[in-house]
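Read off the chains here:
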Amino acid sequence: MTAGITYVRGDASAPQGAGVKVIAHVCNDLGGWGKGFVLALSRRWPEPETAYRAWHRDRARNGFGLGAVQLVRVGRYVWVANLVGQRGIRTGRSSGVPVRYEAIDAGLAELAGHARRLGASVHMPRIGCGLAGGRWERVEPLVRARLAEQGVAVTVYDR
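This is a predicted model, so every value here is computed, not measured.

Reading guide: rules and limits
- Residues numbered from 1 in each chain as written.
- Predicted model: local features only at pLDDT ≥ 70, side-chain atom pairs only at ≥ 80, totals over all residues.
- Heavy atoms only, no water.
- Helix = DSSP H or I, 4+ residues; strand = E, 2+ residues; numbered from the N terminus.
- Buried < 20%, exposed > 50% of the residue type's maximum accessible area, 1.4 Å probe, protein only.
- Pairing = 2+ DSSP bridges.
- Core = buried A, V, L, I, M, F, W, Y, C linked by side-chain atoms within 4.5 Å.
- Contact = heavy atoms within 4.5 Å.
- Polar contact = N/O pair within 3.5 Å; in protein donor to acceptor, adjacent residues only side chain to side chain.

### Structural notes on the environment of Glu110
(1) Moving on: Tracing the backbone shows Glu110 in helix 3 (residues 101–118).
(2) Moving on: Spatially, the C-alpha atoms of Glu110 and Gly134 are 20 Å apart, while their sequence positions differ by 24 residues.

So, in structure tokens, the structure goes:
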């Protein structure tokens, strides 16, 4: 336990514990869904991918962009938060990493309000640190400041 963050071994797409839970993960700003943690989500529920693709498709009218969050209900007590925190995707020719820490920070701040309104805990893998190429040493303080220190219980899952 680190300042309101609990670390466990397991799968963030199968969140542990009682009560309302929001599974948070980072999406790219290109509308791409097909690698990384999203595959685990799609194996369990079709709704997060369907909602994300529609959100991206209608982006000219709906606020889709870096730092935005889309909450998708997938069960009576479970929601998925699609958080746009990655600019593009990494390719063989890419220089730099796609993660955008400021977008993750903004998205987590928005997510905190949703979690408090729902009375929910937040569950996540080490967001922004897989395909987005981020470093947990930079993301964890954002999770702590925006969620844990705002009274939102956070569980981070490691495989």
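Moving on from the model shown.
### Quick word on the pairing of strand 4 (residues 78–86)
(1) Moving on: Taking burial as the measure, the nine residues of strand 4 include nine buried ones, the bulk of the element.
(2) Moving on: Both strand 2 (residues 21–28) and strand 4 contribute to a ladder of eight bridges, which runs parallel. Considered in strand 4, the bridge of Ala24 is made with Ala81.
(3) Moving on: In the sheet, strand 3 (residues 69–73) pairs with strand 4 via five bridges, with the strands oriented antiparallel. Across the sheet, Val72 pairs through a bridge with Val80, a residue of strand 4.
(4) Moving on: Hairpin connection of strand 3 to strand 4: four residues between the antiparallel strands.

### Focus on the nonpolar core
When a protein is soluble and globular, its nonpolar side chains tend to lie buried together.
(1) Moving on: In this structure, Leu108, Val122, Met124, Ile127, Val143 and Leu147 are the most contacted members of the largest nonpolar core, which totals 30 residues.
(2) Moving on: Sorting the residues of this core by element identifies strand 2, strand 4, helix 3, strand 5 (121–124), helix 4 (136–146) and strand 6 (154–158) as the ones contributing at least two each.
(3) Moving on: With six residues, the top contributor of residues to this core is helix 3.
(4) Moving on: Apart from the residues within four sequence positions on either side, Val143 is in contact with Ile5, Leu108, Met124, Ile127, Trp136, Ala148 and Val154.
(5) Moving on: Ranked by size, the runner-up nonpolar core spans 15 residues in total, among them Cys27, Val38, Val74 and Val84.

### A few points about the side chain of Asn82
(1) Moving on: Within the element layout of this structure, Asn82 appears in strand 4.
(2) Moving on: Residue classification places Asn82 among the buried residues on the basis of a relative accessible area of 0%.
(3) Moving on: In this structure the side chain of Asn82 is engaged in a polar contact, spanning 2.6 Å, whose partner is the side chain of His25.
(4) Moving on: Excluding residues that lie within four positions of it along the chain, Asn82 makes contacts with His25, Cys27, Trp33, Pro48, Tyr52, Trp55, Ala68, Val69, Gln70 and Val72.

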